[in-house]
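What follows is each chain in one-letter form.
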Amino acid sequence: MKHKVFKIFGWAAFLMTLFFCLSQTTITAQAKTYQIGTDVTYPPFEFANKQNKYIGIDIDIMNAIAKEEGFKVNIKPVGFNAAVQSVQSGQLDGVIAGMTITPDRKVKFDFGTPYYKTGVVMAVGKNSHIKSFKQLKGKRVALKTGTAAADYANSIKKKYGFKTVTFDDSNNMYEDVTTGNSVACFEDQPVMQYGIKQGLKLKIVTSPANTGWYGFAVKKGQNKTLRLKFNRGLKKIQANGTYDQIVGKYLGNKTNPQVKGKTFTIGTDVTFPPFEFANKHNKYVGIDMDLIRAIANEQGFKVKIKPVGFNAAVQSLESGQIDGVISGMSITNARKAKFDFSKPYFMSGVVMAVAKNSKITSLSQLKGKRVAIKTGTSAADYANSIKKKYGFHTVTFDDSNNMYQDVTTGNSVACFEDHPVMKYAIKQGTKLKIITKPAESAPYGFAVKRGHNQALLAAFNSGLADLKASGTYDNIKAKYLGTNDNDSVAKTAAADDSDSRTFIGLIKQNQGALLSGLKETMWLTIVSIFFATIFGIIVGLLGVVPSKFSNGVSSVLIYLFRGMPLLVLALFIYTGIPSLTGTKIPAFVAGVVTLTFNEGAYIAAFVKGGIEAVDPGQMEAARSLGLPFGKSMRKVILPQGIRIMIPSFINQFIITLKDTSILSIIGLLELTQTGKIIIARNLEGFKVWTIVAAMYLIIITLLTWLSNWVQRRTKV
Amino acid sequence: MSEKLKVTNLVKTFGTNEVLKGINLTVNQNEVVVIIGPSGSGKSTLLRALNRLEEPTSGSIVINNVDIASKGVDIDTVRENIGMVFQHFNLFSNLSVGENIMLAPVELKKETKEQAANQAKQLLKTVGLEEKFDATVQSLSGGQQQRVAIARALAMDPDIMLFDEPTSALDPEMVGDVLAVMKDLAKKGMTMVVVTHEMGFAKEVADRVVFVDNGQILEQGTPEQVFEHPKNSRLQDFLNKILNV
Ligand SMILES: Nc1ncnc2c1ncn2[C@@H]1O[C@H](COP(=O)(O)OP(=O)(O)O)[C@@H](O)[C@H]1O
Ligand SMILES: [Mg+2]
């Protein structure tokens, strides 16, 4: 014990000596107060508050680092240019002033680790219709002298043909835009974002350009210690959350303390491009996905995306299995009764689409025709609401692809779908065309269970506002739908090259997903068969023991679980039980429980039947010898009964394997669900289902061979 | 002569159907009792009640001074002492001939596997089937199966043997072998209750013949009394019928 203590002291002493030797200046530096220059006013990085105390991201970071590293700073708001010059002349030790790291500046300064990422954005008046640089032609644009934003504006001035007017400070520049003298201004993104948060009547309309990093600077070759301390301190405050707190304080709650660090399970649809779909790498992308991830990132929480399908997601939310749903979900009054919605994040509307070569051009031509809709969508509601008026009848599908297919094959003459979804699908090659204007325009919202997860809802709203202000929101939308509604930029996510559309190509490309789906299917099957067999044998035996009560229990269990459709049982266990008990059930467990009960009931029935099929004289003979019931059962009846049951067991195993596909309803990523997801992305329904079917057949063939082998071996 | 088995006022009903209507019957040590009577008269039910394959509705069945009809009795132990031979043999079809005979002694820990195997071979010899130890049940003829069934019952070393029409499911040429085994048993002093229509066997082996009709014992006596001088008219009818066949 003593030795250990000495050892530790020894090491500590050694390290301290080493440390002192390496940085001789440390001792003197500690006594010293560093003089740090900064701008006069560059909110949110540095500005005087009401008490005339300097605050801001730069100031707070500098102070936090000084505290962390044990040195003192004297911050001098001398103005950007003066600060830079004073460092050059050696009057100040360093400068922190929202100073972008540029090659030019690197010649004269040594920069610390970049501490903030920034970019130039364009802002316009709140009511302005200007959305892009193109619209600036011949117009006047306000700039602030000597800023990176001004440099950027000047660099594109010629190309877009606008004039500039320069101001010495930001407020005057903003004023020039709000009064309408200028149509736009260019500013660093965080500065602009902060200004808008403070009530400026401007909006950001472009995504950050010319992105760069802010850095802390010292004179080239000087003050190395200070620079290293800054780097070390920055690392510490970034690690311990101080950094996030500081940035959040000025730019919106990046780390929302209500949700920070928490993980929320978010349900979504399997197939709803461009809002949610799996990309080539089987990662879920789309407007909803990017949005919720960006908000989570901004607010400091984590999300676990569960693409369980729209209906399952909504039901799981209702039963409390998941925390939220973002799934192109229209905000309706009916839904408001059960869910609390965020501020709308997208405006949609319902359109009608027909086959590319269809002659139908209006609703009135639908009379007597068949129209395809997707269950539970607002497009379906809309179609149903006008069904009578236009005299068509409807057929419903569970996912979009099947619905489109029904129209392209000519089974139905038209389908109804949300506008962005339809547009996206057509871009992806679905042979349909939109022939109506968006009707019933409805806002999409993020939903939580009514009265629950209010912190998450608030975080979503606040994050959404921040993303809108920062332009991230528009970027996301543009990524999938194009900047202009006519642009087709949406090739990014789903465009597969044509060689990956052959069978071989599809198999190669989706190998990983298919195999992991197969693995899940096999696991489900094996685990379920195991438990179902145990359950089935127990219940079956209860049915033949000489006890009226046990026989009754057995009959009731068999009746109940054999009588209930597997789908209903799965949904009941997965969404119903949690509603009753308030405890969540993992989907896999719910799946296994479902199959255990359902397949187990069938097994129980044939176990009972198999035993009853054994000649009763066998039992009488065994009992007559003095063998007790249990022994007679084990040694005489069961061996004969099992031989009768084996074909039924094999049959049941195969049925169980196939029945796992039904569990895709509760979002289990087994083979069928995997197929659905792949098709959602590439719309190659026929080929992918062929591959999936072949995989099932291969497994079932193997299982049959195995069973036959077992059967041969047990035959006498 | 000591009393081995005493049935008093035995009544058995199936639902509303009274099948045994108050049977009184005593069987003495080493006695061979043959029960005869028309089909459906309750002979099997009576025999099955004797080892409680049928639960008596009322009355008592005392075997070795124990009332086996009473609730508290451990019926499995009682059955170890009562051998039962069925009309349809009921050999365990999942087991070999040897295993059929060995099952109960081994399972009930009366004997080790080896002892049981030796005993089984011994018993097979006495029923004339020593070469069939490893044979499957399915490969045997009816007569052979019934002899194995008798050997199986004897393996538990019972002191009473019950036979329910042991030869009536057999082809005529097989009957002799089975009856020979039974005669042999009787000679050795086994207490036996036999339901049969083999009048030759009854005359030769039985100490007493009991006539059951409609759930009642109508007459009993030595074979000579019953067969040569039947008093009851229904017995006379019955004998006329079977002897004229
Ligand atoms: N398990 C049973 N349930 C109902 N009735 C039965 C049952 N066993 C026998 N019986 C009836 O009892 C009567 C006597 O049958 P049984 O003892 O087999 O006659 P035997 O052996 O003399 O031909 C018959 O009428 C028969 O139908
Ligand atoms: Mg009978």
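Residues numbered from 1 in each chain as written. Chains lettered and ligands numbered in written order. Predicted model: local features only at pLDDT ≥ 70, side-chain atom pairs only at ≥ 80, totals over all residues. Heavy atoms only, no water.

*Asks:* Any chance you could explain the overall build of chain B here in plain terms?
*Replies:* If you tally the helices and strands in chain B, you get nine helices and ten strands. Taken over 245 residues, chain B has a buried fraction of 56%. Contacts in chain B between residues far apart in sequence, at least 24 positions, make up 64% of those at least 6 positions apart. Approximately 10800 Å² of chain B is accessible, and the part contributed by carbon and sulfur atoms is 45%. (Helix = DSSP H or I, 4+ residues; strand = E, 2+ residues; numbered from the N terminus. Buried < 20%, exposed > 50% of the residue type's maximum accessible area, 1.4 Å probe, protein only. Contact = heavy atoms within 4.5 Å. Areas by Shrake-Rupley, 256 points an atom, 1.4 Å probe, with all protein chains shown as cover.)

*Asks:* Looking at this structure, how should I read the overall build of chain A?
*Replies:* Check the secondary structure of chain A and you find 27 helices and 26 strands. Every one of the 716 residues in chain A was classed for burial, and the buried ones make up 52%. A fraction of 74% describes how many contacts in chain A between residues 6 or more apart in sequence connect residues 24 or more apart. As displayed, chain A offers around 33500 Å² of accessible surface, 59% of which is attributable to carbon and sulfur atoms.

*Asks:* I tried to follow unusual backbone geometry on my own but got confused; where do I start?
*Replies:* Glycine aside, residues mostly have negative phi, and peptide bonds are mostly found in the trans state. In this structure, the amide linkage connecting Pro273 of chain A to the following residue, Pro274 of chain A, adopts the cis form with an omega of 5°. Position of Pro274 of chain A relative to the elements: it lies in the loop between strand E14 (263-268) and strand E15 (277-278). In the Ramachandran plot, Asn9 of chain B falls in the positive-phi region, its phi being about 55° despite a non-glycine side chain.

*Asks:* I tried to follow the pattern of salt bridges on my own but got confused; where do I start?
*Replies:* Close approach of charged atoms allows side chains with opposite charge to pair. For the structure shown, the criterion picks out 19 salt bridges over all chains. Residue Lys188 of chain B pairs with Asp184 of chain B through a salt bridge whose shortest N-O separation is 3.6 Å. Salt bridges sharing common partners tie together Glu69, Arg232 and Lys236 of chain A. (Salt bridge = Lys/Arg side-chain N within 4 Å of Asp/Glu carboxyl O.)

*Asks:* What exactly am I supposed to notice about the sheet that holds strand E1 (residues 3-14) of chain B here?
*Replies:* Backbone-to-backbone hydrogen bonds join strands into a sheet, with any given pair of strands oriented parallel or antiparallel. Residues and elements named next belong to chain B. The strand order E2-E1-E4-E5 describes an open sheet built from four strands, whose pairing is antiparallel. Of all strands in the sheet, those with a lone pairing partner are strand E2 (17-28) and strand E5 (66-67), marking the two edges. Sheet topology places E1 next to strand E4 (residues 58-63); five bridges connect them, and they run antiparallel. Counted as the bridge partner of Lys6 is Val62 from E4. (Pairing = 2+ DSSP bridges.)

*Asks:* Where do I start with the site of ligand 1 in this structure?
*Replies:* Residues and elements named next belong to chain B. In the vicinity of ligand 1, the contacting residues are Phe14, Val19, Pro38, Ser39, Gly40, Ser41, Gly42, Lys43, Ser44 and Thr45. Take Lys43: an N or O atom from its main chain is 2.9 Å from an oxygen atom of ligand 1. Between Thr45 and ligand 1, the recorded distance is 2.5 Å, taken from a side-chain N or O atom to an oxygen atom. Protein chains bury 58% of the 560 Å² of accessible surface belonging to ligand 1 in isolation. Element by element, the count of residues in the shell around ligand 1 is highest for helix H1 (residues 43-49), at three residues. Looking at side-chain class alone, the shell around ligand 1 contains three nonpolar, six polar and one charged residues. (Near = heavy atom within 4 Å. Polar contact = N/O pair within 3.5 Å; in protein donor to acceptor, adjacent residues only side chain to side chain. Nonpolar A, V, L, I, M, F, W, Y, C, P; charged D, E, K, R; others polar.)

*Asks:* Quick question: what am I supposed to make of the environment of Lys367 of chain A here?
*Replies:* On the secondary structure map, Lys367 of chain A appears in the loop between strand E20 (346-355) and strand E21 (370-374). For Lys367 of chain A and Phe392 of chain A, which are 25 residues apart along the polypeptide, the C-alpha to C-alpha distance reads 5.0 Å.

*Asks:* Sorry, what's going on with the interface of chain B and chain A here?
*Replies:* Frequently, the measure chosen for interface size is the accessible area that the parts lose on association. Taken together, the contacts link 21 residues of chain B with 18 residues of chain A. In total, chain B and chain A occlude about 1800 Å² of area from one another, counting both sides; carbon and sulfur atoms represent 56% of this. Linking chain B to chain A there are three salt bridges. The shortest N-O distance in the salt bridge between Asp76 of chain B and Arg623 of chain A comes to 3.1 Å. At the junction of chain B and chain A, the tally comes to nine residue pairs in polar contact (both at pLDDT 80 or more). Elements that contribute at least two residues to the side of chain B that touches chain A include exactly helix H2 (75-80), strand E6 (82-85), helix H3 (97-107) and helix H5 (142-155) of chain B. Of the residues assigned to the side of chain B that touches chain A, the class counts are eleven nonpolar, four polar and six charged. (Buried area = accessible area lost by both parts, 1.4 Å probe.)

*Asks:* Just to check I follow, could you spell out the pairing of strand E10 (residues 184-188) of chain A for this structure?
*Replies:* Sheet faces and side chains relate simply in a regular strand, where the side chains alternate between the two faces. All names here are of chain A. Buried residues dominate E10, accounting for five of its five residues. Side-chain alternation along E10 places Ala184, Phe186 and Asp188 on one buried face and Cys185 and Glu187 on a second face that is also buried. As paired elements, strand E7 (residues 116-125) and E10 share five bridges and run antiparallel to each other. Each residue of the ladder has a partner; that of Val124, found in E10, is Ala184. With two bridges connecting them, strand E8 (residues 140-144) and E10 associate as parallel partners. By the bridge assignment, Ala142 is partnered in E10 with Cys185.

*Asks:* Before we go on, may I ask you to explain the confidence of the model for chain B in this structure?
*Replies:* Fine structural detail should not be taken from predicted coordinates in areas where pLDDT scores are low. Here chain B averages 93 in pLDDT, and 99% of its residues register 70 or above. Here the complex is predicted with pTM 0.59, and the ipTM for its interfaces comes to 0.95. (pLDDT = per-residue confidence, 0-100.)

*Asks:* Is there a simple way to explain the packing of helix H3 (residues 57-69) of chain A against helix H10 (residues 242-251) of chain A in this structure?
*Replies:* Residues and elements named next belong to chain A. One way to put it is that H3 packs onto H10 with a least axis distance of 10 Å and a crossing angle of 160°. Between H3 and H10, the interaxial angle falls into the category roughly antiparallel. Note that H3 runs across H10; the crossing there is right-handed. Contacts from Ile57, Asp60, Ile61 and Ala64 of H3 reach H10 at Thr242, Tyr243, Ile246, Val247, Lys249, Tyr250 and Leu251. (Axes fitted to C-alpha atoms, helices over the stretch in contact; angles between N-to-C directions. Parallel < 35°, antiparallel > 145°, perpendicular 65-115°, else oblique. Left-handed = near helix turned anticlockwise from the far one by under 90°.)

*Asks:* I tried to follow empty space enclosed by the protein on my own but got confused; where do I start?
*Replies:* Picture a little ball the size of a water molecule; that probe, rolled over the atoms, points out where space is still empty. Residue and element names in this part refer to chain A. Inspection of every chain in the model, using the stated rule, returns four cavities of 30 Å³ or more. Contributing to the lining of the largest cavity are Asp269, Phe272, Phe310, Ser327, Gly328, Ser330, Arg335, Lys374, Gly376, Thr377, Ser378 and Asp418. Partitioned by chemical class, the residues of the lining of the largest cavity number two nonpolar, six polar and four charged. (1 Å grid on protein atoms, 1.4 Å probe; cavity = no way out; pocket = protein on both sides within 12 Å on 5 of 7 lines; lining within 4 Å. Points joined across faces, edges and corners; volume = space filled by probe spheres on them.)

*Asks:* Explanation requested: the side chain of Thr191 of chain B in the structure shown.
*Replies:* Relative to the helices and strands, Thr191 of chain B resides in strand E8 (residues 191-195). Residues contacting Thr191 of chain B, with those up to four places away along its chain left out, are Lys4, Val27, Asn28, Gln29, Asn30, Glu31, Asp159, Ile160 and Met161 of chain B.

*Asks:* How should the packing of aromatic side chains be read in this particular structure?
*Replies:* Any aromatic ring pair is given by two values, namely how distant the centres are and how the planes are angled relative to each other. Residues and elements named next belong to chain A. Taken as a whole and judged by the stated rule, the model has 32 aromatic pairs over all chains. On the numbers, 6.2 Å between centres and 70° between planes, the contact of Tyr115 with Phe230 is edge-to-face. One end of the pair, Tyr115, is in the loop between strand E6 (109-111) and E7; the other, Phe230, is in helix H9 (residues 224-239), and 115 residues separate them in sequence. Relative accessible area serves as the criterion here: at 0%, Tyr115 is assigned to the buried category. (Phe/Tyr/Trp six-rings, centres within 6.5 Å; stacked < 30°, edge-to-face > 60°.)

*Asks:* Sorry if this is basic, but what is going on with the sheet that holds strand E13 (residues 217-219) of chain A here?
*Replies:* All names here are of chain A. A sheet is described by the order of its strands in space; here five strands give the open sequence E4-E1-E5-E13-E6, paired in mixed fashion. Only two strands of the sheet have a single partner each, and these edge strands are strand E4 (72-77) and E6. Examined bridge by bridge, strand E5 (residues 94-95) and E13 share two bridges and lie antiparallel to one another. Across the sheet, the residue bridging to Gly94 is Val218, located in E13. Across the face of the sheet, H9 comes into contact with strand E1 (33-38), E6 and E13 while running at roughly 75° to E1.

*Asks:* Quick question: what am I supposed to make of the nonpolar core here?
*Replies:* For soluble globular proteins, nonpolar side chains are generally found buried alongside one another. Core analysis: the largest hydrophobic core is formed by 53 residues, its most contacted members being Ile611 of chain A together with Val7, Leu10, Ile35, Ile61, Phe92 and Leu162 of chain B. Top contributing element to this core by residue count: helix H25 (residues 629-659) of chain A, with six residues. Non-local contacts of Val7 of chain B, meaning those with residues more than four positions away in its chain, are made with Ile23, Asn24, Leu25, Leu50, Ser60 and Ile61 of chain B. In this structure, Val148, Ala149, Ala151 and Phe201 of chain B belong to the second largest nonpolar core, which totals 52 residues. (Core = buried A, V, L, I, M, F, W, Y, C linked by side-chain atoms within 4.5 Å.)

*Asks:* Looking at this structure, I do not really get the confidence of the model for chain A. What am I missing?
*Replies:* Residue and element names in this part refer to chain A. Confidence in the prediction of chain A, expressed as mean pLDDT, is 84, and 90% of residues score 70 or more. Counted against residues more than four places away or in other chains, residues 16-30, with its pLDDT under 50, gives six contacts. Below a pLDDT of 50 lies the segment residues 483-497, which in the model reaches 34 contacts outside its immediate sequence neighbourhood of four places, other chains included.

*Asks:* In this structure, what is going on with helix H22 (residues 566-581) of chain A? I would like to understand it.
*Replies:* In an α-helix, one turn spans 3.6 residues, which is why side chains three or four residues apart end up on the same side. Residue and element names in this part refer to chain A. The terminal C-alpha atoms of H22, which comprises 16 residues, lie 21 Å apart, in line with the 22 Å expected from a rise of 1.5 Å per residue. Its axis deflected by about 35° at Ile573, H22 carries its strongest bend there. Within H22, burial applies to Leu566, Leu569, Ala570, Ile573, Tyr574, Thr575, Gly576 and Pro578. Each element contacted by the buried residues of H22 is listed here: helix H12 (310-318), helix H21 (548-563), helix H23 (587-612) and H25. Taken from the residues just after H22, Gly582 is the one with a positive phi, measuring 80°. (Expected span 1.5 Å × (residues − 1). Bend = angle between axes of the 7 residues up to and from the residue.)

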